[in-house]
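These are the residues of each chain, in order.
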Amino acid sequence: MLDPVCIPINLDAFILNKPVVDTTGNNVLIAPITQPDYVGLRLDNSVIQHDVLPPVDLHSSRPASVNPRISQAYSTRLDPVVIKDPKPDFGSSENSIIQSRLGVYLHWSLPRGYRTGSSAADGAQRADPNDPDQMQKSAAAPNPIFRLVPNRWLVVRVLKKHEPPEINPPPVDAWVIESDRLQKVEDLPGDIDLETEVTPFLAYDSNPDSSIAGSLLHAQAEKYIGYRSPSLVKQVYSETSTPRVPLSVMNSSNPVFADYTIHNPNVFSMKDNFEYDGKYLTYALCDYIVVGWHSSLADSPFGDNGLKGVLSGRVENFFCKLADDASTDVQRSKDKLAALSHGTISNVEYNANVRPQTDADKYVENFGQGVAMEPVAVGVTPLDSVLTFLHAHRDDKTDGENIMGGIPSDTAKILLDMAELLHASADDYDSRVKAADLISGQSFRTAIGGFSWHYDKKKTSNGPPQSPDDLKKDGAGKTELDYLNDLNRLQQQLDITNRMLALKRWELFAEFFKYCSDVNNGKSQLRYFNEMQALFGIETLPGGANTDPKGPKSIIQSLLDTQKTVTDGIKAIVNVDNPSLSKIPVKKVAADTFRQRTDPTLLLAGIDPGWPAAFLDYLQIRFGGDIKASASTEVTQIMNNLNIPTATGLIKPTIETLLNEARSGSADTQIGFKIWTGQPFCPIFVEWEAMFYEIPASQWTVALGSSPMSNNNQSQVRYITPNPLHEPAKLVDQDTRAVSGRILVLPQPSFTLAAIVRQVLDVAGVNVPAALQQEVAAKDGTKSLNGKVDQDKLDAFVKKVEKLKFISGDLMGFTDGLLTLGTGSHVKPNVREQGQGIKVLGEAKDILKKIGFSDALAEQMIIQMGGETARTPFGTLEDFEGSSFQPFKGIQHGQLVLTKITIVDKFGQAISWPLPGRKPRVPPPTPNFAIHPCIADQLCPTILPDGTLNTVFPVADKATSSGMVTSPFIQITPAINQTSRINANFLRKDLDADGKLQSPPWTICNDWDNPIVGWILVNYPDSSLQFFTGDGIFYTSLRFGGPLGTVTGIEWAPFVSPPPDQEDKLVSKQLVDLIKEMQGDPTDTTKTETAQEYLRAMWGMINGAIGNMPFPPSQYSAYANAIVGKPLAIVNVGWSLELAEPPLKHQHTLGAQPPAGYEENVMAEYRFPVKIGDKDRPFDGVVCYWDTDNNTSTSTATTSFNNIYTYPYPNSITDSTTSPNPNIPDPRTMIEPDTFPTLTPYFIDPTTIDENIGLLKAKAEKLLVKTLLIDPYTPLHLYTGILPIKSLQLPGWSLEAAMKNMTAFFTLGPLLLTKDVPKEYDASNPVKADSWIKDQNSNTVTDASKKEDAFSIKLPIAGGKGMWNWLQPYVGPAPPAGANKRPLYNALAVGQEPGVLRDDPAPYTFVEGFLQLARPLVDEASVGAGSVVGR
């Protein structure tokens, strides 16, 4: 049996005395005690709150005589007021300071293993393994389990010096902390300090005392945990039988419970006031040792209810590690072991009359009126905010280094040189530009987008996916395609239903909460009853009888019925348990996620996060037997007075060893042992307040701007406010909203940054900054850099990065505030016990019964609310009376000003800027903006032509030394305040079995549908544009020349034309219409010149675009058409902007109420401009696009080709590509903000759709449809400014299929031949579009028996025999009557002209025709097999 596991922990000591509180000026403040207000959990309209954790109020923080943290000024007796002295001098009162609250406050930080939740899969177990009922409930429970924390703590103080000498405290004193002891207020001793000696606690009791009215919730304000035993020097400690709570970091419903000492006295912290016999020490120098354990061995993380498996795995899962030399037996051990958490802090110096030194004083100096720039930055992500601050201080030699933690400024410069690499995966230009785009895309949270079903029959290699057959499967008369369409229709309906169900369940909770918070709910009871009954319960008969199947249904019940019906429909098609019984082979694939922009990230620089440096590391554990220390008399005395029950395990010897080790200072490890160097400052949370100024939508426009954070200066789609906002007329009546929130401080920014830096520089090929490169010495002694990473330099650099002092977090609560929603810890009508299911709260059921619902229905209502209770409605808790503006903002656009930042540490120290003070009775015309953060690129206000920032109020902020913007105004560009997504799909025409166009005419391409309408290939040898069908079959060509300025090749020539009934199926009408735009008319000069101009424009545009594109992949050279040019694909694409759920509704009760349908109407009014493609991004494949008549019920799937939307590609607009006639307009319209198309957000409720239309068609009608010309190897992108960039790429099989069909040929002649070609057309050997492929595959293209002189066509061309064909035109044996005689062609093999002088006999023959490449110049095997899709 192994000895107990010893886990090191961090121990902090805080000195609280009168000088610490009695500060002046811009200094650290001591926050008054504000404990969780569990009274606010009562379902009483006079006390209910959005958040039971009240904000920190610093107005009474100083002087010490009025700070309730250590003063009894607010509880002293009332003396008569002297008229001549109306301000009592509390400072002169000897009794104003509470001496018992002064002293040393200890806090021990729990290891990371106790802070993480686990599920049954992790091996965690809370239920009794011998109780099958509990085990079954635990296995089915949806709620995670957090491990029980140590609930017994031995605190030992070793006193080295003390004053006054007449007090004689013991040199070693000790106490036991019982963290889990539960006490009611009436059971507490009369002299107990309720604020510093016990902890108010939220403890769910499944069997509450029925004698107390509203017992469960009302009792919450009367329960406390935490207990400190008398001194073990004077009294023996033994366990007592008292009520306990299963204690974890999360079962208090308080996120800062484990680390905020004001919220956990005598649980995870302890006050040592040095009181002996009613007297207090004024000076003490001492060490503190803390050891914690579980009162039951089974609750240890390595006990019966803890982690499972071998010890090495259990230790690792607890974020710890064994010693490197641990034996195999130890690693494989399955012993049930006790766990001891231990920490020591030495040389803690308490002086009642001296304020200790603290790093917080340096932090405070960075704020204030005399500071050039506050250490505040705001970005769109944590990494963005860090880089923004570093950029602002790039050239700062003094303050910058102080703020950044004392590291050299060159560290910041190296990081900024790597800025884009920190987001990119490579160092090339494309990757850097992609990285800049990625920064904007990272500022969105995701939500599940649902699923789709795909046909899953095995396909042939490199071929298109298999398509469902058209044979009817069974008696239902449905084909596989019918079943697949049914599946996707049902799945989309199920996804929408699930999202709507979650929303309606929250609305049910919202109405419940609004009723509870409404002071006039008695008068409004009927309204709440009707609202809630419409959501759930309208089908229930009076008295709670069974539902009437023919009666009306509530919204939630209808959704539940739909959910069941749709789920059953899916199960009838797909048998998950036995796929062979499914109607069709399919696979389920996740659909695109929905996104919502996150709140801006606030970064505070120069402040140490306060978390131990090793917090994120795996802690080195030890076993009790491995620790060696000499015994001491004082420790032995304490251990003799410490009785530990047998259920705890054999831990007493190890505890004594740990105490002796710490007492003697003989520890061989640094972790868990620290020296007190002054007052700590360990931030736990940051509270912020801000004012949001809405800028009307009419003031915003989309523009293309480059990023000042990027050296590439690529343009991005950005929203700007081009017109001045601070005109006097616009300042009269501002639409403003006060918002606030709380940020929990986590050990995140600098640790994450260091990890990313190391990861990036470990990638081969990255352009390593010069300061981190290896130095190589030459023979002459000179040194140079070799471009490779110097590991020593990298390690030193990463250590510097880790020392950067930052805390950051999202401004959580900002968006919720605009949606009139509250966040925080609040009462919920159901209870979620860890590892258990949801239970109905009795008091909540009583409220619903009071509203008018039956007992059974009330319980069902609460069950239906489920987990959708995280956010609360404003209701009557926020008052908007008198406001002329609607407080609800479904779409945000404006500017945000931070008005207050308060940083609170674990001991209640606070840094606040601005300092608390009285608000002026009459607000000044221009508010006094105290906080001027460094603003990230995407949050920077628009810069006006005169160089000033366009802000709501004029400001005179100057740029930083590095040119970075600082401003109190944070630009909040337009964004939808709920989840949405851009849908992007290739489209095809929706035709029925008879070829009739359906309504709407466009439908989304299936996996097996070829989305390519046609191909355009620039044939440089011919100076022509060649056009191919979507399958790669040659159709026709256009070139300059002839009487009409353009010459159109004969359709299908030189190949045999397909049967007339097949032509419409082979060639798209869109391709034909595009070609017509470039064909002249001999009877219409204007049309002819217009066609010439169109062809010139297309030629110039394509030439310029191809020069701007990346090279095609090497596999492309394995196709014959690679010799003449790069093909471009014509496709139809549809985009839409879909909401995940219906537009959210306002949730405030006080103030002007919007009319019915207000939120939906406002949302429908927005038109968000979108940009299709981008020439500045070579990884984007869009060349141009054309408008269509979209996809409404009246659309005809027609593309309007007369206007080309494209970009000014290099050399695409020259004299040779534009008409000399000024009256002939250039058909090209540049893609600019003024020409951007727009998208409008939509949501479709499947329950309101006409069954004849269906959900899929209803969604298809919302598509913005464009016809595009694209680079087939490169994705195309849609840029919106409100959501991440949306990309779309052609499937690889569609390219390969077309490339194999495409043939390369060009006109040639006249050629002089010494040997005549066959004089008659060989009808048995016609030239078909695929004949060259068949010959190639059958290896008949080369006749080895032929001699060189046997070829009638010889040309000085590269390639061996059979490489080239000559397509010789003939007149058919029976030409059609009339002028339109179509030549026929035979293919003749081409021999190679040796290039020597010959005297072949006459006659000679001149021929004209086509030279065709009969097979690729490069063998496919030589370029590698695989897809031709771009890398």
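Predicted, not measured: the structure shown is a model, and the values here were computed from it.

Asker: Residue-level account of the overall build of the chain, with values.
Answerer: Counting its regular elements, the chain contains 28 helices and 63 strands. By residue count, 53% of the 1431 residues in the chain fall in the buried class. In the chain, once contacts between residues fewer than 6 apart in sequence are set aside, the share between residues at least 24 apart is 78%. Accessible surface computed for the chain: about 62,600 Å², of which carbon and sulfur atoms make up 51%.

Asker: Residue-level account of helix H17 (residues 791-802), with values.
Answerer: Over its 12 residues, H17 runs 16 Å from end to end, which matches the ideal 16 Å to within 8%, given 1.5 Å per residue. Leu794, Phe797, Val798 and Val801 are the residues of H17 that are buried. Down the axis of H17, the smallest arc covering the buried residues is 100 degrees, so these residues share one side. Exposed residues on H17 whose side chains face more than 90 degrees from its buried face are Asp792 and Lys799. The N-cap residue of H17 is Asp790: its side-chain oxygen and the backbone nitrogen of Asp792 are 3.0 Å apart.

Asker: I'd like to hear about the pairing of strand E38 (residues 891-905), residue by residue, with values.
Answerer: Most of E38 sits inside the fold, with 14 of its 15 residues counted as buried. By the bridge criterion, 11 bridges tie strand E26 (residues 683-694) to E38 in an arrangement that is antiparallel. Bridging across to E38, Met691 finds its partner in Val897. Note: E38 against strand E41 (residues 969-976), 6 bridges, orientation antiparallel. Following the sheet pairing, Gln895 is matched in E41 by Gln971. In terms of strand pairing, E38 meets strand E39 (residues 909-913) through 4 bridges, oriented antiparallel. Bridge pairing links Val904 to Ala910 in E39.

Asker: Please give an account of the environment of Ile1244 that cites residues and values.
Answerer: Of note, Ile1244 is situated in the loop between strand E55 (1238-1239) and helix H25 (1255-1260). We classify Ile1244 as buried; its relative accessible area is 12%. The sequence separation of Ile1244 and Ala1140 amounts to 104 residues, and the corresponding C-alpha distance is 9.4 Å. Setting aside its immediate chain neighbours within four residues, Ile1244 contacts Ile496, Ile1249, Leu1255, Ala1258, Lys1259 and Lys1262.

Asker: So, the sheet that holds strand E61 (residues 1364-1370): which residues are in play, and what are the values?
Answerer: With mixed pairing, 5 strands are arranged side by side in an open sheet as E59-E63-E61-E62-E60. At either end of the open sheet lies a strand with only one pairing partner, and these are strand E59 (1305-1313) and strand E60 (1353-1355). Averaged over all adjacent pairs, the angle separating strand axes in this sheet is 40 degrees, with direction ignored. As judged from the 6 bridges shared by E61 and strand E62 (residues 1384-1392), these two strands associate in the antiparallel manner.

Asker: Break down the side chain of Lys271 for me, with residues and values.
Answerer: The residue Lys271 is located in strand E11 (residues 269-272) in this model. At 3.4 Å, the side chain of Lys271 forms a polar contact with the side chain of Glu197. When near neighbours in sequence (up to four residues on either side) are disregarded, Lys271 contacts Ser100, Arg101, Val104, Tyr105, Asp193, Thr196, Glu197 and Arg228.

Asker: Go over the pattern of salt bridges, please, and point to the residues and values.
Answerer: Under the definition given, this model contains 48 salt bridges. A salt bridge links Lys906 to Asp12; its shortest N-O distance comes to 2.9 Å. Here Lys906, found in the loop between E38 and E39, pairs with Asp12, found in strand E2 (residues 10-16); they are 894 residues apart in sequence, far enough to count as distant. Using a relative accessible area of 5% as the deciding quantity, one classes Lys906 as buried. Among the salt bridges present, the one from Lys889 reaches Glu694, with a minimum N-O distance of 3.4 Å. In this pair, Lys889 is assigned in the loop between strand E37 (875-880) and E38 and Glu694 in strand E26, connecting sequence segments 195 residues apart. Under the relative-accessibility criterion, Glu694 is labelled buried at 18%. Bridged by salt links that share partners, the residues Arg152, Glu178, Asp180, Arg181, Glu239 and Arg244 form one connected network.

Asker: Provide a residue-level description of the confidence of the model for the chain, including the pertinent values.
Answerer: Taken residue by residue, the chain gives an average pLDDT of 84. The fraction at 70 or more is 84%. Residue range residues 210-215 is modelled with pLDDT below 50. Its contacts to residues more than four positions away, or to other chains, number 6 contacts. A low-confidence stretch, residues 425-429 (pLDDT under 50), is modelled with 11 contacts involving residues beyond four sequence positions or located in other chains.

Asker: Let's hear about the packing of helix H11 (residues 480-517) against helix H20 (residues 855-865): which residues, and what values?
Answerer: For the pair H11 and H20, the least separation of the axes is 8 Å and the interaxial angle reads 125 degrees. Taken together, the axis directions place H11 and H20 in an arrangement best described as oblique. At the point where H11 passes H20, the crossing takes the left-handed sense. Taking contact as the criterion, the partners of Arg505, Leu508, Phe509 and Phe512 in H11 are, on H20, Met861, Gln864 and Met865. A class-by-class count of the residues in the contact of H11 with H20 yields 5 nonpolar, 1 polar and 1 charged.

Asker: Quick one: what's the story with the pairing of strand E14 (residues 283-293), residue by residue and with numbers?
Answerer: A large share of E14 lies buried, amounting to 11 of its 11 residues. Of the pairings in the sheet, the one linking strand E7 (residues 152-163) to E14 comprises 11 bridges and is antiparallel in character. The partner of Val155 across the bridge, within E14, is Val290. Of the strand pairs in this sheet, E14 and strand E16 (residues 339-351) are connected by 9 bridges, and their pairing is antiparallel. What sits directly across from Tyr288, in E16, is Ile345.

Asker: Tell me about the sheet that holds strand E4 (residues 103-109), residues and numbers included.
Answerer: Spatially, E2-E4-E11 is the arrangement adopted by the 3 strands of the open sheet, whose pairing is antiparallel. Bordering the open sheet on either side are E2 and E11, each of which pairs with just one other strand. Recorded for the sheet is a direction-independent mean angle of 20 degrees between the axes of neighbouring strands.

Asker: Talk me through the packing of aromatic side chains; I want residue IDs and the actual numbers.
Answerer: Applying the stated rule across the entire model yields 36 aromatic pairs. Note on Tyr693 and Phe953: the rings are 5.7 Å apart at their centroids and 75 degrees apart in plane angle, and the pair reads as edge-to-face. With a gap of 260 residues between them, Tyr693 in strand E26 and Phe953 in the loop between strand E40 (934-935) and E41 connect regions that are remote in the sequence. Accessibility classification places Tyr693 together with Phe953 in one group, the buried group. A centroid spacing of 4.7 Å and a plane angle of 80 degrees characterise the contact between Phe1034 and Phe1305, whose relative ring orientation is edge-to-face.

Asker: Hey, could you go over a negative patch on the surface for me, with residue numbers and the actual values?
Answerer: Negative charge collects at one region of the surface, where Asp3, Asp324, Asp325 and Asp626 lie side by side. With respect to the element layout, Asp3 can be found in the segment before strand E1 (5-8). Residue class for Asp3 comes out partly exposed when judged on its relative accessible area of 36%.

Asker: Tell me what's going on with the environment of Val1124, and back it up with residues and numbers.
Answerer: Along the chain, Val1124 falls in the loop between helix H23 (1085-1108) and strand E48 (1127-1139). Put simply, Val1124 and Phe1305 are 181 residues apart on the chain and 7.9 Å apart in space, counted from C-alpha to C-alpha. Aside from chain neighbours lying at most four places away, what touches Val1124 is Leu1017, Val1018, Asn1019, Tyr1020, Pro1021, Ala1304 and Phe1306.

Asker: So what about the nonpolar core? Which residues, and what values?
Answerer: Ranked by size, the top nonpolar core spans 167 residues in total, and within it Phe512, Leu1025, Met1098, Ile1102, Trp1135, Leu1268 and Leu1269 carry the most contacts. Residue contributions to this core peak at 12 residues, all from H11. Those residues in contact with Leu1269 that sit more than four places away from it in its chain are Ile1016, Met1098, Met1101, Ile1102, Leu1128, Ala1129, Ile1130, Gly1181, Val1182, Val1183, Cys1184 and Trp1186. Within the second largest apolar cluster, 68 residues are counted, among which are Leu307, Leu322, Ile345 and Leu619.

Asker: Hey, could you go over the packing of helix H12 (residues 525-535) against helix H19 (residues 842-851) for me, with residue numbers and the actual values?
Answerer: Packing of H12 against H19 leaves a shortest axis separation of 9 Å and a crossing angle of 110 degrees. In terms of axis orientation, H12 runs roughly perpendicular to H19. Counting all contacts with H12, which are made through Gln525, Phe529 and Met532, the residues of H19 involved are Leu848, Lys850 and Ile851. Of the residues that constitute the contact of H12 with H19, the class distribution is 4 nonpolar, 1 polar and 1 charged.

Asker: Could you give an account of unusual backbone geometry, naming the residues involved and the relevant values?
Answerer: Of note, the bond from Glu163 into Pro164 is cis; its omega dihedral lies within 30 degrees of zero at -5 degrees. Tracing the sequence through the fold places Pro164 in the loop between E7 and strand E8 (172-184). Cis peptide bonds are those with omega within 30 degrees of zero, and the linkage from Ala1402 to Pro1403 qualifies with 0 degrees. For Pro1403, the location among the structural elements is in the loop between E62 and strand E63 (1405-1413). For Asn266, which is not a glycine, the phi torsion comes out positive at approximately 55 degrees. Within the secondary structure, Asn266 sits in the loop between strand E10 (223-228) and E11. Here the phi dihedral of Thr820 falls at roughly 55 degrees; this positive angle occurs in a residue that is not glycine.

Cut-offs applied
- Residues numbered from 1 in each chain as written.
- Predicted model: local features only at pLDDT ≥ 70, side-chain atom pairs only at ≥ 80, totals over all residues.
- Heavy atoms only, no water.
- Helix = DSSP H or I, 4+ residues; strand = E, 2+ residues; numbered from the N terminus.
- Buried < 20%, exposed > 50% of the residue type's maximum accessible area, 1.4 Å probe, protein only.
- Contact = heavy atoms within 4.5 Å.
- Areas by Shrake-Rupley, 256 points an atom, 1.4 Å probe, with all protein chains shown as cover.
- Expected span 1.5 Å × (residues − 1).
- Arc of directions from axis to C-beta.
- Polar contact = N/O pair within 3.5 Å; in protein donor to acceptor, adjacent residues only side chain to side chain.
- Pairing = 2+ DSSP bridges.
- Axes fitted to C-alpha atoms, helices over the stretch in contact; angles between N-to-C directions.
- Salt bridge = Lys/Arg side-chain N within 4 Å of Asp/Glu carboxyl O.
- pLDDT = per-residue confidence, 0-100.
- Parallel < 35°, antiparallel > 145°, perpendicular 65-115°, else oblique.
- Left-handed = near helix turned anticlockwise from the far one by under 90°.
- Nonpolar A, V, L, I, M, F, W, Y, C, P; charged D, E, K, R; others polar.
- Phe/Tyr/Trp six-rings, centres within 6.5 Å; stacked < 30°, edge-to-face > 60°.
- Patch = residues over 30% accessible without salt bridge, like charges linked within 9 Å, V, L, I, M, F, W, Y side chains within 5 Å.
- Lys, Arg positive; Asp, Glu negative; His and termini not counted.
- Charge placed at Lys NZ, Arg CZ, Asp CG, Glu CD.
- Core = buried A, V, L, I, M, F, W, Y, C linked by side-chain atoms within 4.5 Å.

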